[in-house]
Amino acid sequence: MRIGVYPGSFDPVTFGHLDIIERASLMFDRLIVGVLVNNEKRPLFSADERVNMLRIATRHLPNVEVRGFQGLLVDFAKEVGSTVIVRGLRAVTDFEYELQMAQMNRTLDPSLDTVFLNTDLRYAYLSSSLVKEVASFDGDISSFVPDFVARQVAEKNKK
Ligand code: ADP
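What you see is a predicted model; the values in this text were computed from it and never measured.

Draft legend 1. Focus on the site of the ligand. The ligand sits among 17 residues. The nearest are Tyr6, Ser9, Lys41, Gly88 and Tyr123. Between an oxygen atom of the ligand and a side-chain N or O atom of Arg87, the distance comes to 3.1 Å. Note that a nitrogen atom of the ligand is positioned 3.3 Å from one of the side-chain N or O atoms of Arg90. The protein chains hide 91% of the 550 Å² of surface that the ligand would expose on its own. The pocket occupied by the ligand, as judged from atoms lying within 2 Å of grid points, is the largest pocket. A breakdown of the residues in the shell around the ligand according to their chemical character gives six nonpolar, six polar and five charged.

Now the structure itself:
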């Protein structure tokens, strides 16, 4: 059984993430989306909220499972029985950091490989942080995230 892991913060999930998830789900028997719990960045949404939003947004994909994880990605991959990490690449700016992380992970666990899926051009400029910034100024984020996510972002900004 081919199991892939797609890790990230997903704060919140965007159409860019969902495009990568849909495409990666075709490449593996099972795709585990790993939501980073102990994040350096101070997230807008709690880990539980991020996991729940991803579960709803991926409901139509039967071989996709969403789980929170703490600690090292290499340990999480081992725990779920995967040797392939999936990451999305938007632009050259993503590349340096992603390559560094892939090399670190492969050094920590040589059985692990990272594969990169290039972003769909429709979402090349899209990031969770920009979505949050636009929303914080009451901008319309309905083209970037599912409607129910946009509503939850608006709720957070009211508080
Ligand atoms: P992280 O904090 O680990 O970078 P993110 O939630 O920001 O987590 O992103 C998770 C993964 O999804 C990363 O590999 C990132 O490059 C990728 N990604 C984010 N936005 C997009 C997008 N618009 N198109 C393709 N990949 C994306």
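Moving on, there is more to tell.
Draft legend 2. A look at helix α6 (residues 147–158). Over its twelve residues, α6 extends 17 Å from the first C-alpha to the last, a length consistent with the 16 Å expected when each residue adds 1.5 Å. If you check which residues of α6 are buried, you get Phe148, Val149, Ala150 and Val153. On its buried face, α6 sits against α2 (47–57) and α5 (128–136).

Draft legend 3. Broad picture of a nonpolar patch on the surface. The grouping of Leu72, Met104 and Leu108 at the surface amounts to a nonpolar patch, some 290 Å² of accessible area in total. Structurally, Leu72 is set in the loop between β3 (64–69) and α3 (73–79).

Draft legend 4. Geometry of the packing of α2 against α6. Close contact between α2 and α6 brings their axes to 10 Å; oriented N to C, the two are set at 160°. Regarding the angle of α2 to α6, the classification is roughly antiparallel. Facing α2, whose interface residues are Glu49, Met53, Ile56 and Ala57, α6 presents Phe148, Val149, Gln152 and Lys156. Within the contact of α2 with α6, the residues separate by chemical class into five nonpolar, one polar and two charged.

Conventions we followed
- Residues numbered from 1 in each chain as written.
- Predicted model: local features only at pLDDT ≥ 70, side-chain atom pairs only at ≥ 80, totals over all residues.
- Heavy atoms only, no water.
- Near = heavy atom within 4 Å.
- Polar contact = N/O pair within 3.5 Å; in protein donor to acceptor, adjacent residues only side chain to side chain.
- Areas by Shrake-Rupley, 256 points an atom, 1.4 Å probe, with all protein chains shown as cover.
- 1 Å grid on protein atoms, 1.4 Å probe; cavity = no way out; pocket = protein on both sides within 12 Å on 5 of 7 lines; lining within 4 Å.
- Sits in = over half its atoms within 2 Å of the grid points.
- Nonpolar A, V, L, I, M, F, W, Y, C, P; charged D, E, K, R; others polar.
- Helix = DSSP H or I, 4+ residues; strand = E, 2+ residues; numbered from the N terminus.
- Expected span 1.5 Å × (residues − 1).
- Buried < 20%, exposed > 50% of the residue type's maximum accessible area, 1.4 Å probe, protein only.
- Contact = heavy atoms within 4.5 Å.
- Patch = residues over 30% accessible without salt bridge, like charges linked within 9 Å, V, L, I, M, F, W, Y side chains within 5 Å.
- Salt bridge = Lys/Arg side-chain N within 4 Å of Asp/Glu carboxyl O.
- Axes fitted to C-alpha atoms, helices over the stretch in contact; angles between N-to-C directions.
- Parallel < 35°, antiparallel > 145°, perpendicular 65-115°, else oblique.

It is worth stressing that arrangement in space is one thing and function is another; only the former is reported here.
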